[in-house]
Amino acid sequence: MTLESSNKIIAAGIKETTEKYGCKKEKLLQILEDLNKEFGYLSEFVLLEVSKNLDMPHSQIYGVASFYSFLNTQPKGKYIVRLCKTISCSLAGKKKIANALENELGIRFGETTPDGKFSLMFTNCIGMCNQGPAMLINDDVYYNLDPEKAVEIIESYE
Amino acid sequence: MAGIKTQILFSSFEPGNALKLAILKTGPEIIEEIKNSKLRGRGGAGFPTGVKWDLVHSAQGDEKYIICNADEGEPGTFKDRILLTDHPKKIFEGMAIAAFAVGAKHAIIYLRAEYRYLVPGLVQAISEMESARLLGNNILGTGFSLSVEIHLGAGAYVCGEETALIESLEGKRGEARNKPPYPTKKGYMDCPSVVNNVETFCYVPYILTNGADWFREYGTLESTGSKLFSISGDVAKPGVYELEMGTTVNQVLKMVGAQNTKAVQVGGASGICVANKDFDKPLAFEALPPGGSIIVFNKSRDMLEVLSNFMEFFVEESCGQCTPCREGTFRLLEGVKLMQEGRCSINYLKTLRELGETMRVACKCGLGQMAPNAFLSIIDNFKGEILARDRVEINGKQTHSI
């Protein structure tokens, strides 16, 4: 398949998603969330297509995409590990979990594994403060972590 | 003195009972009942709920909206998660009563992205209530209809601020609006909107069933009823507790088994830090405003480390549209780092204090106005500890204070 024709197919998919929301400007966030899920991140190509479909400036759409921490404007791993770094999880020993995750995955926070499987990030309070340390892997939440348990969880995703 | 009376929010609840009572009344009668109960917003700001509803009821608009703020992002807060998980029908019934009272046909629940895993439970609760004719079309055969939509956030603490939340609902960046006009006049899609916290809606069915007088028996004169507290940190029994308004910090510490307590952060990162001398103060809007979060620190904790964690949080979560917040949070964090290195002079500390005071009045929204709270209260309570810090050496060389 040529690049041009594959782009056409992707563009048609994006159009379908925006039409699902009636091409309404106020649905932009949901449209971006859906596309983020579908493609793993919002590339410039995706944002330009959305901008065409909604008849909105590209800059405005990029402004929204880059505002929210759960929307990616850069490629990310298939599984995004978000370790809570806010106060209660910090008191409960977040640092040790962070070390264990870095050692297990062989990457630092903010990086993605070379095979594109895991991205490691910190996040702010995820509301598991009474059962910290806690982390999210995509939409799933894990709590009462210790270094060993954190590593086991990561391995269950492989 | 207020103690720990029988609980309200976790007491028995039959879905639909309160709504059946509500539809026999008029909107203004319901609003009057809520006003009489003196129920105040449980999100932290404590605005009288009845007054808010009244403003929306009397506002002109093609449509009116009921919005439930489930963007619980305040560090140390997880009470709404418990309500969303275990008591969703209380929330939706409260929203339905609010909609009936103000004349709204649409309700939206704005759920933070971090709680996406709660969506199936909420969808199920909505569909069960629709089958029972408590939501949806022609509720209880009265001709009153209410659609409920779940709208997911995408990870932004500032969207807990009501106008930022509305901006986000409209698909924009979550940047707070200028106020006035308030959402009660121009909210979602420029229509009058009620924005209430998850917990606030949950009290509504109980007030309708048991009456405003009963609700006022709990709590203090200014802060009626009870309140959920998310308690974490250095305690033996962390978790969500329902306490009567006016319960003192000491009572809480005893209840959750906190020992050797050095300080208590009331109201999350944007709340204030309370030291030993104030542990007898009551948790109520007129004394220690209860946001919903209590974080306990024992004597082994370094308060500057705690403060630096809070300030990092605000630097990251500041939306950046107004200068006092964007720059202010950054400078305060920088100041905390200097203090950690023992390099903050008393003069510079004064300057930072003034900056904090300025932010309280100059920032555009609640995030920035509350951001210096932890800074100012920790500085005031632990000044000795901060000024007595050893000055660090960098690369073996002496450093100077700033």
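Reading guide: rules and limits
- Counting starts from 1 at the beginning of each chain's written sequence and moves along it residue by residue.
- Chain letters and ligand numbers both follow the written order, the letters beginning at A and the numbers at 1.
- Only residues with pLDDT of at least 70 get local features here, since the model is predicted, and only at 80 or more are side-chain atom pairs given and counted; chain-wide, interface and lining totals rely on the full set of residues.
- Hydrogens and water are ignored here; the side-chain numbers use all heavy atoms of the structure.
- Helix numbers and strand numbers start at the N terminus; a helix is a DSSP run of H or I with at least 4 residues, a strand a run of E with at least 2.
- Restricting the calculation to C-alpha atoms gives the radius of gyration, and the globule rule supplies 2.2 Å times the number of residues raised to the power 0.38.
- Type-normalised accessible area, obtained with a 1.4 Å probe on protein chains alone, sets the label of each residue: buried when under 20%, exposed when over 50%, and partly exposed for intermediate values.
- Throughout, a contact is declared for two residues whenever any of their heavy atoms are within 4.5 Å.
- Residue ranges labeled as domains rest on an automatic or database domain assignment.
- Here's the idea: put two parts together, see how much 1.4 Å probe accessible area each one loses, and the total over both is what we call buried area.
- We define a salt bridge as a contact between a side-chain nitrogen of Lys or Arg and a carboxyl oxygen of Asp or Glu at a distance within 4 Å.
- Two N or O atoms form a polar contact when they lie within 3.5 Å of each other; inside protein one atom must be a possible hydrogen donor and the other a possible acceptor, and for residues adjacent in sequence the pair counts only when both atoms belong to side chains.
- Residue classes follow a fixed rule: Ala, Val, Leu, Ile, Met, Phe, Trp, Tyr, Cys and Pro count as nonpolar, while Asp, Glu, Lys and Arg count as charged, and any other residue, Gly among them, counts as polar.
- Two kinds of site are reported from a 1 Å grid over the protein atoms alone, namely cavities, where a 1.4 Å probe fits but cannot get out, and pockets, open sets with protein on both sides within 12 Å along at least five of seven lines, and residues are called lining when an atom falls within 4 Å of a point.
- Grid points are joined across faces, edges and corners, and a volume is the space filled by probe spheres set on the points.
- In a helix, the anticipated span is given by 1.5 Å times the number of residues less one.
- Pairs of strands are assigned from DSSP output, requiring at least two bridges between the strands.
- For helices, the fitted line uses only the C-alpha atoms of the stretch in contact; every axis is such a line through C-alpha atoms, and the angle between N-to-C directions lies from 0 to 180 degrees.

Colleague: Any chance you could explain the overall build of chain B here in plain terms?
Modeller: Scanning chain B for helices and strands turns up 16 helices and nine strands. A compact globule built from 402 residues would reach a C-alpha radius of gyration of about 21 Å, and chain B, at 22 Å, matches this within 12%. Projected onto its principal axes, the C-alpha coordinates of chain B cover approximately 80 × 45 × 35 Å. For chain B, the proportion of its 402 residues judged to be buried stands at 58%. For chain B, restricting intrachain contacts to residue pairs at least 6 apart in sequence, the fraction spanning at least 24 positions comes to 73%.

Colleague: Even after reading the chapter, I still don't get the domain arrangement of chain B, so can you show me in this structure?
Modeller: Residue and element names in this part refer to chain B. Domains assigned within chain B are domain 1 (17–212), domain 2 (226–298) and domain 3 (303–400). In this structure, domain 1 and domain 3 have C-alpha centres spaced 36 Å apart. Taken together, the contacts link 12 residues of domain 1 with nine residues of domain 3. When the area that domain 1 buries against domain 3 is broken down by residue, the three leading residues are Tyr157, Val158 and Ala176, summing to 50%. Counting across the domain 1 and domain 3 interface gives zero salt bridges. Counting across the interface, domain 1 meets domain 3 through three residue pairs in polar contact (both at pLDDT 80 or more). In the side of domain 1 that touches domain 3, the residues fall into five nonpolar, three polar and four charged.

Colleague: Can you help me understand the layout of surface pockets in this one?
Modeller: The rolling of a water-molecule-sized probe over the atoms marks out the regions of remaining empty space. Residues and elements named next belong to chain B. Space inside the largest pocket adds up to approximately 1300 Å³. Taken together, 46 residues make up the lining of the largest pocket; nearest its centre are Gly43, Gly44, Ala45, Gly160 and Glu161. Contributions of two or more residues to the lining of the largest pocket are made by α3 (49–58), α4 (79–86), β4 (193–197) and α14 (366–370). Along the lines of polarity and charge, the residues of the lining of the largest pocket split into 14 nonpolar, 21 polar and 11 charged. The calculated volume of the second largest pocket comes to roughly 620 Å³.

Colleague: Explanation requested: helix α11 (residues 303–317) of chain B in the structure shown.
Modeller: What sets the pattern is the α-helix's 3.6 residues per turn: residues three or four places apart point alike. Residues and elements named next belong to chain B. For α11, spanning 15 residues, the distance from its first C-alpha to its last is 21 Å, which sits close to the expected 21 Å at 1.5 Å a residue. Of all 15 residues in α11, 11 are buried; the element is thus mostly enclosed. Turning to α11, its buried residues are Met303, Leu304, Val306, Leu307, Ser308, Asn309, Phe310, Met311, Phe313, Phe314 and Glu317. Looking at where α11 begins, the residue whose side-chain oxygen comes 2.9 Å from the main-chain nitrogen of Leu304 is Asp302.

Colleague: What am I meant to see in the pairing of strand β5 (residues 226–233) of chain B here?
Modeller: All names here are of chain B. Of all eight residues in β5, seven are buried; the element is thus mostly enclosed. What sits between the antiparallel neighbours β5 and strand β6 (residues 239–244) is a turn of five residues. Bridge count for β5 against strand β9 (residues 293–298) is four bridges, and the pairing is parallel. Bridging across to β9, Ser232 finds its partner in Ile295.

Colleague: I would appreciate a short explanation of the sheet that holds strand β3 (residues 147–152) of chain B in the present structure.
Modeller: Pairing between sheet strands relies on hydrogen bonds along the backbone, with the strands arranged either parallel or antiparallel. Residues and elements named next belong to chain B. The parallel open sheet is built from four strands, whose spatial order is β3-β2-β1-β4. Every other strand in the sheet has two partners, leaving β3 and β4 as the edge strands with one partner each. Geometrically, the sheet is characterised by an average inter-axis angle of 20 degrees between neighbouring strands, direction not taken into account. By the bridge criterion, six bridges tie strand β2 (residues 106–111) to β3 in an arrangement that is parallel. Counterpart to His106 in the pairing with β3 is Ser147. Together, β2 and β3 form the strand contacts of helix α6 (residues 119–131), whose direction differs from that of β3 by roughly 175 degrees. Where helix α8 (residues 198–210) meets the sheet, its contacts fall on β1 (65–70) and β4, and the angle it forms with β4 comes to roughly 95 degrees.

Colleague: In this structure, what is going on with the interface of chain A and chain B? I would like to understand it.
Modeller: Interface extent is often summarised as the accessible area lost during association of the parts. Contacts between chain A and chain B engage 33 residues on the former and 50 residues on the latter. Regarding the contact of chain A and chain B, the summed buried area is about 3100 Å², with carbon and sulfur atoms giving 55% of it. Interface area lost by chain A to chain B is led by Phe67(A), Ile87(A) and Leu91(A), which between them contribute 21%. Where chain A touches chain B, the interface holds four salt bridges. With a closest N to O distance of 4.0 Å, Arg116(B) and Glu33(A) form a salt bridge. Summed over the shared surface of chain A and chain B, the number is 19 residue pairs in polar contact (both at pLDDT 80 or more). Listing elements by their share of the side of chain A that touches chain B, those giving two or more residues are α2 (28–39), α4 (58–67) and α5 (87–91) of chain A.

Colleague: Explanation requested: the environment of Lys262(B) in the structure shown.
Modeller: Residues and elements named next belong to chain B. Examined against the element boundaries, Lys262 turns out to sit in strand β7 (residues 261–266). For the pair formed by Lys262 and Gly50, sequence separation is 212 residues and the distance between their alpha carbons is 38 Å. Apart from the residues within four sequence positions on either side, Lys262 is in contact with Ala275, Asn276, Phe279, Phe297, Asn298, Lys299, Arg301, Met303, Phe382 and Glu385. Of note is the side chain of Lys262, whose polar atom sits 2.7 Å from the backbone oxygen of Arg301.

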